[in-house]
Amino acid sequence: MKNEIFNFIEKRKRAPLIGYLPALFPDNDGFLRIVRQLAEGGLKFIEVGMPTATPFLDGELIKGTLSKLTRADRSISAFNIDSGKIITACGLNGITMLYEHTLIQYGIRELVSDCAECGISAVLVPDITMENRRKLFVEASKTGVEVVSFAVTGLSEKEMKEIIGLTSGFLYLQSSEGPTGGQFSVGESFLRRLDMAKRLAAPERLPVGVGFGINSPADAVEAEKAGADAVIVGTSFLKAVIGGDNKISGYLSRFRQFLEVA
């Protein structure tokens, strides 16, 4: 995952767009069709949310979608493997995102093994404890699966440095407090946190991605100008997907400068 983002930046001289989809949404066939369309549109990186009844960091749209998926008659492992195989077959780099309570149910070793088996590039657990973060980092390092770490607002320099030390993919910086689906703003507090993250991540050659509230190409441009190495778009990305094929194509084309296109 780390090399792919660095390769993208080197080739395109731009931050890549990382989109978001719930796993196997709306169903297997629909997910395959959507991912194919995203790949054809130039998307290279996709974060995939695993079903959960308590997605506390997500806004109402994502929360409702993930909660509905929990009613499906299949295991989290099946969601991860099946969506991972589709993503890999379509040529995208997948990032499995799940909350810690789901990680514990799944099992750290089992999760990493499944990701390696189906070609998932990285794992993101935003609310993970330091103890489990270390375990995940150790297990992932044996397989080549990268660990993406989530940096919430309010972290001290010491805390962020410790998190970076257990990160191998990229650091996901929360742009502002609150759930996903808000409004992005480049304020002094955000700039200070981004500067700290970039400074601490530089010795490890880790990119710093920015998410939460990025809804438009203008937001993405502002985040990139501020220093973001990648831009993560969640709620508005899912809205476009729900809107249908024409909506997806039109929405994605507006982010052309952040995509792998000729």
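Residues numbered from 1 in each chain as written. Predicted model: local features only at pLDDT ≥ 70, side-chain atom pairs only at ≥ 80, totals over all residues. Heavy atoms only, no water.

Points about the pairing of strand β2 (residues 45-49)
Phase 1: Here β2 lies mainly inside the structure; 5 of its 5 residues are buried.
Phase 2: Here β2 shows no split at all, with Phe45, Glu47 and Gly49 on one side and Ile46 and Val48 on the other all buried.
Phase 3: Where strand β1 (residues 17-22) lies against β2, 5 bridges are found, and the strand directions are parallel. Opposite proline 22, over in β2, you have glycine 49 as the bridge partner.
Phase 4: A crossover connection joins β1 to the parallel β2 through helix α2 (residues 28-40); in handedness this β-α-β unit is right-handed. (Buried < 20%, exposed > 50% of the residue type's maximum accessible area, 1.4 Å probe, protein only. Helix = DSSP H or I, 4+ residues; strand = E, 2+ residues; numbered from the N terminus. Pairing = 2+ DSSP bridges. Right-handed = clockwise from strand over helix to strand, strands pointing away.)

A closer look at the packing of aromatic side chains
Phase 1: Considering all chains together, one arrives at 7 aromatic pairs under this definition.
Phase 2: The rings of Phe237, Tyr251, Phe255 and Phe258 are connected pair by pair, giving a single aromatic cluster.
Phase 3: The residue whose ring lies beneath arginine 14 is phenylalanine 258, and the NZ or CZ to ring-centre distance is 5.1 Å.
Phase 4: Stacked on the ring of phenylalanine 79, the Lys or Arg arginine 74 has its end atom at 5.2 Å from the ring centre. (Phe/Tyr/Trp six-rings, centres within 6.5 Å; stacked < 30°, edge-to-face > 60°. Lys NZ or Arg CZ within 6 Å of the ring centre and 35° of its normal.)

Details of the sheet that holds β1
The strands making up a sheet associate through backbone hydrogen bonding, with each pair oriented either parallel or antiparallel.
Phase 1: Taken in spatial order, the 8 strands of this closed barrel run β1-β2-β3-β4-β5-β6-β7-β8, and their pairing is parallel. Sheet twist, expressed as the mean angle between neighbouring strand axes with direction ignored, is 25°.
Phase 2: Relative to strand β6 (residues 171-174), strand β5 (residues 146-151) runs parallel, the two sharing 3 bridges. Across the sheet, the residue bridging to alanine 151 is leucine 173, located in β6. (Axes fitted to C-alpha atoms, helices over the stretch in contact; angles between N-to-C directions.)

Details of the pattern of salt bridges
Phase 1: On inspection of all chains with the given rule, the structure shows 10 salt bridges.
Phase 2: A salt bridge links arginine 74 to aspartate 82; its shortest N-O distance comes to 3.3 Å.
Phase 3: For glutamate 188, the salt bridge is made with arginine 192, and the minimal N-O distance between the two is 3.9 Å. In this pair, glutamate 188 and arginine 192 both sit in helix α9 (residues 188-201), 4 residues apart, roughly one turn of the helix. In this pair, the class of glutamate 188 matches that of arginine 192, namely exposed.
Phase 4: Look at the salt bridges and you will find they share partners, linking Arg109, Glu139 and Lys142 into a network. (Salt bridge = Lys/Arg side-chain N within 4 Å of Asp/Glu carboxyl O.)

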